[in-house]
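Residues per chain are reported as follows:
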Amino acid sequence: MSALLVPSSSSPARPSRNGNRNRNGEGNVVLRPITAQTYRAFLASPHGEALGAGFLQCPSWADVKEGWRAQLLGWGPDPEAGELTGVALALLRQLPGTRKYFAYLPEGPVADWGDPGIDGWLTPLLEHLRRTGAFAVRIGPSPAHRRWSAARLKPLTGPGRRLGDVLASEVDPLGTAVAERLRARGWHRCGDDATGDDSHGDGAGSGSGSGSGDAQPRHVFQVPLAGRTTEDLWSGLNQEWRRNVRRARKEGVEVVVGSAADLPEFCRLLALTERRDGFRLGRSLAYYERQYAALNAEEPGRMKLYLARHQGEILAAHTLITVGRRAWYQTGASADHRREVRPSNALQWRMLLDAHALGADVYDMRGVPSTLDPEERAYGLLRWKLGTGGQVVETLGEWERSVGGSANHALHRAFQAYLKRR
């Protein structure tokens, strides 16, 4: 079954009519479950769009996830009337044999992380989830931690080298401040600096809460689009990429936008890619059909499937997701043969151009590994993405904590052990 959107009346313990108010006296913050319509209206508002919500925090993502209940939450002066300052999609997975839940907010909540009064909305959020029956919570704060430009990384590869060995091009002070604030409030970063390399992650994430690492990729690759012309994007590609795009054009590779009917071929190519490149997403055709239907029902064209054809055969297929002023290359798949005609380069160039034409500020190519060792197999993916001239961004990763009390601490430890045995 797909995730169930839970209204306030279905929670085991309901908040008061006035919701959970900020107890610190900093304004009039109320947190309440809200409708999908109210949630989407906030994301489309100037304030909501400025917060840069990812597709994993859209209401439609609740319909993609199976085995989870879901709540749409909002806080602000009057959430039910649409007066909001932040929102969150909380996915709830039940601990077997109990009435307790693990709460997961993938790449969320959608909040102003620069707000010095972070307790004004974070504390009510935790209180609500505890009353709902959650024993622990995992979140994914949106601020970045560090960035490395492609130009900085290219000459600094070498045996055993990793991203952390290279001085970053930029360290985000907001990310540093948010990390300090979370630690001071009892949050623990999932995994360590050597984890989070879900380089082939498709953006779906396991949301496992296993505590062994991030469910979403810690390091992502982004190509800035704001203020750039198509000529700027072309000149930003390295010589190899430009040569490959030209080669694909010369060989007659045709790039088109497919439909749901093409998802079976996409999944067939994805299975080939997994075997060839040595990774396993574990996503079925039914999963991608559900995702395609849910995201496009929320907003037509939100998820697109791009196909590269050569001599009438589909050689590669990539998915693109757009929300507001952001675009993501989610998952890519390609055949084992005729790779010399460079279908994947042709697809990415077309997707970059389309994201730019849609007004996106950034084109996110999702996860990359942290290795800079050319001898490691995973480095090939990073090398390929570096050719676009973008930058590696280290996110703050995911953070987790129990919601208080010895019983919830014990359940949290039991849940971690249970997931490690699965």
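Residues numbered from 1 in each chain as written. Predicted model: local features only at pLDDT ≥ 70, side-chain atom pairs only at ≥ 80, totals over all residues. Heavy atoms only, no water.

(A) Up close: the packing of aromatic side chains. Within this structure, the stated rule accounts for 10 aromatic pairs. With 5.5 Å between their ring centres and 70 degrees between their planes, phenylalanine 55 and tryptophan 61 make a pair best called edge-to-face. Residue phenylalanine 55 is classed as buried on the basis of its relative accessible area of 1%. Owing to a relative accessible area of 1%, tryptophan 61 belongs among the buried residues under this scheme. Residues phenylalanine 266 and tyrosine 288 carry aromatic rings whose centres are separated by 5.1 Å and whose planes lie at 85 degrees to one another, so their mutual orientation is edge-to-face. You can see phenylalanine 266 sitting in helix H9 (residues 263-277) and its partner tyrosine 288 sitting in helix H10 (residues 285-298), a full 22 residues away along the chain. Overall, the relative accessible area of 0% leaves tyrosine 288 in the buried class. (Phe/Tyr/Trp six-rings, centres within 6.5 Å; stacked < 30°, edge-to-face > 60°. Buried < 20%, exposed > 50% of the residue type's maximum accessible area, 1.4 Å probe, protein only. Helix = DSSP H or I, 4+ residues; strand = E, 2+ residues; numbered from the N terminus.)

(B) Spatial organisation of the nonpolar core. By size, the foremost hydrophobic cluster in this structure holds 92 residues, and its most contacted members are Phe266 and Tyr363. Counting residues per element, this core draws most heavily on strand E14 (residues 313-323), at seven residues. The residues touching tyrosine 363, leaving out its near neighbours within four places in the chain, are Phe221, Gln222, Val223, Leu225, Leu320, Ala327, Tyr329, Gln348, Met351, Leu352 and Ala355. (Core = buried A, V, L, I, M, F, W, Y, C linked by side-chain atoms within 4.5 Å. Contact = heavy atoms within 4.5 Å.)

(C) Looking closely at the sheet that holds strand E16 (residues 362-367). Ordered in space as E9-E8-E17-E11-E16-E15-E14-E13-E12, the nine strands form an open sheet in which the pairing is mixed. The open sheet has two edge strands, strand E9 (170-171) and strand E12 (254-257), and neither has a second partner. Note that strand E11 (residues 219-224) and strand E17 (residues 391-395) share four bridges and pair antiparallel. In the sheet register, glutamine 222 faces E17, and the bridge partner there is glutamine 391. The sheet contacts of H10 involve strand E13 (303-310), E14 and strand E15 (326-334), and relative to E13 the element is tilted by about 125 degrees. (Pairing = 2+ DSSP bridges. Axes fitted to C-alpha atoms, helices over the stretch in contact; angles between N-to-C directions.)

(D) Just helix H1 (residues 36-44), in detail. What H1 keeps buried is the set Ala36, Thr38, Tyr39, Phe42 and Leu43. The arc enclosing the buried residues of H1, seen along the axis, measures out at 165 degrees, which places them on a common side. Within H1, the exposed residues directed more than 90 degrees away from the buried face are Gln37 and Ala44. Buried residues along H1 sit against helix H2 (46-50), strand E4 (69-76) and strand E5 (86-94). (Arc of directions from axis to C-beta.)

(E) Layout of the confidence of the model for the protein. Chain-level statistics for the protein give a pLDDT mean of 89 and a share of 88% at 70 or above. Contacts for the low-pLDDT stretch residues 1-26, under 50 throughout, to residues beyond four places or in other chains number 64 contacts. Below pLDDT 50 for its whole length, residues 193-212 participates in 72 contacts with residues either more than four positions away or in separate chains. (pLDDT = per-residue confidence, 0-100.)

(F) Quick peek at the packing of helix H8 (residues 239-250) against helix H11 (residues 343-357). The geometry of H8 relative to H11 is characterised by a closest axis approach of 8 Å and an angle of 100 degrees between their N-to-C directions. One way to sum up the angle between H8 and H11 is to call them roughly perpendicular. The residues of H11 that touch H8, namely those facing Trp241, Asn244, Val245, Ala248 and Arg249, are Asn345, Ala346, Gln348 and Trp349. Its residues placed into classes, the contact of H8 with H11 shows five nonpolar, three polar and one charged. (Parallel < 35°, antiparallel > 145°, perpendicular 65-115°, else oblique. Nonpolar A, V, L, I, M, F, W, Y, C, P; charged D, E, K, R; others polar.)

(G) Spotlight on the side chain of threonine 319. With respect to the helices, strands and loops of the structure, threonine 319 is situated in strand E14. Those residues within four positions of threonine 319 in sequence are excluded, and the remaining contacts are Phe266, Met303, Lys304, Leu305, Trp328, Tyr329, Gln330, Thr331 and Met351.

(H) Examining unusual backbone geometry more closely. Across the junction of glycine 108 and proline 109, the peptide omega takes the value 10 degrees, indicating a cis bond. Secondary-structure assignment places proline 109 in the loop between strand E6 (101-105) and helix H4 (119-132). Even without glycine at this site, arginine 338 takes up a positive phi of about 55 degrees. With respect to the helices and strands, arginine 338 occurs in the loop between E15 and H11. Phi angles above zero are rare outside glycine, and arginine 342 is one such case at about 60 degrees. Note that arginine 342 resides in the loop between E15 and H11.

(I) Region of the structure containing the environment of arginine 247. By the secondary structure assignment, arginine 247 is in helix H8. When the C-alpha positions of arginine 247 and proline 343 are compared, they lie 9.3 Å apart, and in sequence the two are 96 residues distant. Among all residues touching arginine 247, those that are not within four sequence positions of it are Glu340, Val341 and Arg342.

(J) Summary view of H11. Helix length check: H11, at 15 residues, gives a terminal C-alpha distance of 21 Å against a target of 21 Å (1.5 Å per residue), a fit within 8%. The buried fraction of H11 is high, at 11 of 15 residues. Those residues of H11 that fall on the buried side of the exposure criterion are Pro343, Ser344, Asn345, Ala346, Leu347, Gln348, Trp349, Met351, Leu352, Asp354 and Ala355. Remark: glycine 359 follows H11 within two positions and exhibits a positive phi of approximately 90 degrees. (Expected span 1.5 Å × (residues − 1).)

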